[in-house]
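Here is what each chain is made of, one letter per residue.
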Amino acid sequence: MLSAKRNISRLSKILLITGFGYFFWLMLKITLEYIPFNPNVSFLMIKQTEVEQKPEYLYFFYTHVYTSIFILLSGFLAILRKDFGVKNFHKNMGKIYIFLILILAAPSGIYMGFFANGGILSKVSFVILGILWWCSTFKAYRLALQRKFKDHKQWMWRSFAFTLSAITLRMWKVIIVYLFHPDPMDVYQIIAWAGWVPNILIIEYLITKKQI
Amino acid sequence: MKIVNYTLISLLTVSLASCKKEGKTNESGKDSLTAKKDSVIIPEIHKEYYGIYTGEFFGAEKMIDETDGSEYEGGTYKKISLKINRITKDSVYGQSIVSGNQRPFRGIFNETSGSFILDEPGNDKTDGRFEVKLKGDSLTGKWNAFNKTAVKAPAKDLKLVKKEFVYNPNFMLDKDSNLVDWSNPKEFVEKYTDDTGKTESYTTSKNRVASEAIFKLNASKQKLTEKDLKNLRKLDLEIIKNSVFARHGYSFKKETYRNFFEQTDWYIPVSNNVDHDLSPLEKENVALLSRFTKYAEDKYDSFGR
């Protein structure tokens, strides 16, 4: 009985890891669209107004794109809470994750939120998301320094829920377009919120009910 | 004898010079077929008939039934323009243009009956002979392919009216135009469950529909911004872009655009290349629209933004 349970949990772990691996691969491909440097490809194709009128926009954009892929990876590796025989592996992965978010990815994300596609509805969503992302990560960092590891773990789950919105937002987009074929910016307004609100609700549920 | 020759040559040069000046107004730079050799000596007649005749080009076409593969006769309807560039005593020069296929022709004009016999060069499988009759402003008659087996509809009729082609940036699609793109149906599988609980799937198709935006955004007059275009679908972007080309008389190869623009009374296809006629504003807008079209194509339904 006990071994069956262990098998199930092992199976779900494997599923989770392959699932993440698959979406990480998709995200990596999106990131690689911006290499070599070209200010008029992919998402930037419809962002030339900002690129031309705001000289700082591209700096923030590339900061966000190039750091985010490392955040996804380091965050995932840290959340496994194993050192894999490498000394301080969890701690170092966590440090990479935290500092990339606090110094680079979250501030640049908040900046870009002000110029988001889809009008005021999506702008508000992305700015809030950026602020919550920064705050939850900062809180988790402080709790780790204070050696309050249970709280640290919970706040890291929150932080990672916001991090994963990069993936869930794009998943929702594919699903919504497949089902309803709405106009492009209508999709964008929906996914701006659908990308992170359900994520954090699920994590809050798990924290209160399941005591993870 | 020599002196006579010399005077004749000098006379010819004089007439050539005057002839060229007049000719220029009738021959636009695009016309590839402007017989240079003959124009020197032979005087032009009936300049009043020069111009663009545009209208219907229709006939029976062999169709193949998709379900059982049997052949049946269907109708084909296209818009055609004949340009008469030059008429001399024994030759007529001009060109025909149908769905982006621009062909020169050469033939004869019978003054007494007012009829033309015009031959396309014959080195293209779609070439053939026009036999048309002029009556007032209308030009009617028939066309027969040289190679009857190479084309689906080897015999067609023409009903044309002389029209002045003018570029006008204000031309827009009519507000009551049909917005459905009938020529690009997208197939998809649908499932249904019958009373007995059996589920069957069948393939059906959906047509793209343009939005009202195509009546509002004029890429020949206003500088379009990214904001104007962000919420538009690919079809809208394509129509707004190709409205620019339609205003310049571009003859579309794609059926989608022909169907949209042939609904208007201002669209006269006169050329298969109008790139050099675009205004700087139009060029800018076309580049922007192309970029958004590509984005819509690459990103609309993909994993990404």
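What to know about the pairing of strand β9 (residues 180–193) of chain B
All names here are of chain B. Among the 14 residues in β9, one count as buried, and that is only a small part of the element. Sheet analysis places β9 next to strand β10 (residues 199–209), joined by 10 bridges and oriented antiparallel. Looking at β10, one finds that Tyr192 is bridged to Glu200. Here β9 folds back onto β10 in antiparallel fashion, the turn holding five residues, of which Gly197 has a positive phi close to 90 degrees.

Points about the environment of Thr256(B)
All names here are of chain B. With respect to the helices, strands and loops of the structure, Thr256 is situated in helix α6 (residues 255–261). On the basis of neighbour count, Thr256 is assigned to the partly exposed category, with 18 C-beta atoms found within 10 Å. In sequence terms Thr256 and Glu238 are 18 residues apart; their C-alpha atoms lie 9.9 Å from each other.

Examining the domain arrangement of chain B
Residues and elements named next belong to chain B. Split into domains, chain B comes out as domain 1 (27–163) and domain 2 (211–299). Here domain 1 and domain 2 have C-alpha centroids that lie 28 Å from each other. Contacts between domain 1 and domain 2 engage 11 residues on the former and 10 residues on the latter. For the side of domain 1 that touches domain 2, the secondary structure elements donating two or more residues are β1 (51–64) and β2 (71–87). Across the side of domain 1 that touches domain 2, the residue classes break down as two nonpolar, five polar and four charged.

Thoughts on helix α7 (residues 165–180) of chain A
Its 16 residues place the ends of α7(A) 21 Å apart at the C-alpha level, agreeing with the 22 Å of an ideal helix rising 1.5 Å per residue. Listing the buried residues of α7(A) in full gives Ser165(A), Ala166(A), Ile167(A), Leu169(A), Arg170(A) and Lys173(A).

Points about the nonpolar core
By size, the foremost hydrophobic cluster in this structure holds 51 residues, and its most contacted members are Val92(B), Ala219(B), Leu237(B), Ile240(B), Leu289(B) and Phe292(B). Here this core takes seven residues from helix α5 (residues 234–247) of chain B, the largest share from any one element. When residues of this core are sorted by domain, at least three fall in each of domain 1 (27–163) and domain 2 (211–299) of chain B. For Phe292(B), the residues in contact, after removing those within four places along its chain, are Ile46(A), Leu229(B) and Leu237(B). By size, the runner-up hydrophobic cluster in this structure holds 33 residues, among which are Met93(A), Ala105(A), Ala161(A) and Leu169(A).

Focus: the sheet that holds strand β3 (residues 92–98) of chain B
Adjacent strands of a sheet form backbone hydrogen bonds with each other and so pair up, either parallel or antiparallel. Residues and elements named next belong to chain B. With antiparallel pairing, eight strands are arranged side by side around a closed barrel as β1-β2-β3-β4-β5-β6-β7-β8. This sheet shows a mean twist of 30 degrees between the axes of neighbouring strands, independent of strand direction. For β2 and β3, the ladder comprises seven bridges, and the chain directions are antiparallel. Across the sheet, Ile84 pairs through a bridge with Gly94, a residue of β3.

Topic: unusual backbone geometry
In terms of backbone geometry, most residues other than glycine have negative phi values and most peptide bonds are trans. Here Ile35(A) and Pro36(A) are connected by a cis peptide whose omega angle stands at 0 degrees. Considering the arrangement of structural elements, one finds Pro36(A) in the loop between α1 (2–32) and α2 (48–53). For Asn88(A), which is not glycine, the phi torsion reads 55 degrees and is therefore positive. Its place among the elements puts Asn88(A) in the loop between α3 (57–79) and α4 (89–113). Asn88(A) sits in the exposed class, given 10 other C-beta atoms within 10 Å. Located in the positive-phi region is Ser99(B), a residue other than glycine, with phi close to 35 degrees.

What counts as what
- Residues numbered from 1 in each chain as written.
- Chains lettered and ligands numbered in written order.
- Predicted model: local features only at pLDDT ≥ 70, side-chain atom pairs only at ≥ 80, totals over all residues.
- Buried ≥ 20, exposed ≤ 12 C-beta atoms within 10 Å, placed from the backbone.
- Helix = DSSP H or I, 4+ residues; strand = E, 2+ residues; numbered from the N terminus.
- Pairing = 2+ DSSP bridges.
- Domains from an automatic or database assignment.
- Contact = placed C-beta atoms within 7 Å.
- Nonpolar A, V, L, I, M, F, W, Y, C, P; charged D, E, K, R; others polar.
- Expected span 1.5 Å × (residues − 1).
- Core = buried A, V, L, I, M, F, W, Y, C linked by C-beta atoms within 7 Å.
- Axes fitted to C-alpha atoms, helices over the stretch in contact; angles between N-to-C directions.

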